[in-house]
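# Chain and residue survey
For reference, the chains in residue letters:
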Amino acid sequence: MFEALHLVDIEEDAATGSPSSISAARGYRPTDLQALAEIGYHYYRAGGLRLAEVIFEGLVAIEPNEAYFALALGLVREHLGHRDDARAMFERAARLDPTDPHAELNLAEIALAERRMRDAE
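Residues numbered from 1 in each chain as written. Predicted model: local features only at pLDDT ≥ 70, side-chain atom pairs only at ≥ 80, totals over all residues. Heavy atoms only, no water.

A few words now on helix α3 (residues 49-62). Relative to the 20 Å expected for 14 residues at 1.5 Å per residue, α3 spans 20 Å between its end C-alpha atoms, a close match to the ideal helical length. Taken residue by residue, α3 has Leu49, Ala52, Glu53, Phe56, Leu59, Val60 and Ile62 as its buried positions. (Helix = DSSP H or I, 4+ residues; strand = E, 2+ residues; numbered from the N terminus. Expected span 1.5 Å × (residues − 1). Buried < 20%, exposed > 50% of the residue type's maximum accessible area, 1.4 Å probe, protein only.)

In structure tokens:
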């Protein structure tokens, strides 16, 4: 009926000695966060943009170093018409994972939509 309470090792920031994220402090498993992200993605695809936004805002707050969460929040905000917020999330995702081209492509799409052709290159 009740799960046994177990202690988890918390990742610490080497410089400060404090937990590196809420996820680390609370011991959330990456698989659980990914499951929430999948729910957010389904809301996004079904047009439940506000619900998707709330889910991805929470995920970005809990695990700020996960590029996918920032990218997904950027997509939702872009579809809600909040281009500045979307741009900030895409820039964050690009910094967190420079090997993933999706954030850069989304930044270029925003630049094209705003007719800033040089920024879209």
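Two numbers describe how helix α4 (residues 67-79) lies on helix α5 (residues 83-96): the axes approach to 8 Å, and their chain directions differ by 160 degrees. The orientation of α4 with respect to α5, classified from their angle, is roughly antiparallel. The handedness of the crossing between α4 and α5 comes out as left-handed. Facing α4, whose interface residues are Ala67, Ala70, Leu71, Leu73, Gly74, Leu75, Arg77 and Glu78, α5 presents Asp85, Ala86, Met89, Phe90, Arg92, Ala93 and Leu96. Of the residues that constitute the contact of α4 with α5, the class distribution is ten nonpolar, one polar and four charged. (Axes fitted to C-alpha atoms, helices over the stretch in contact; angles between N-to-C directions. Parallel < 35°, antiparallel > 145°, perpendicular 65-115°, else oblique. Left-handed = near helix turned anticlockwise from the far one by under 90°. Contact = heavy atoms within 4.5 Å. Nonpolar A, V, L, I, M, F, W, Y, C, P; charged D, E, K, R; others polar.)

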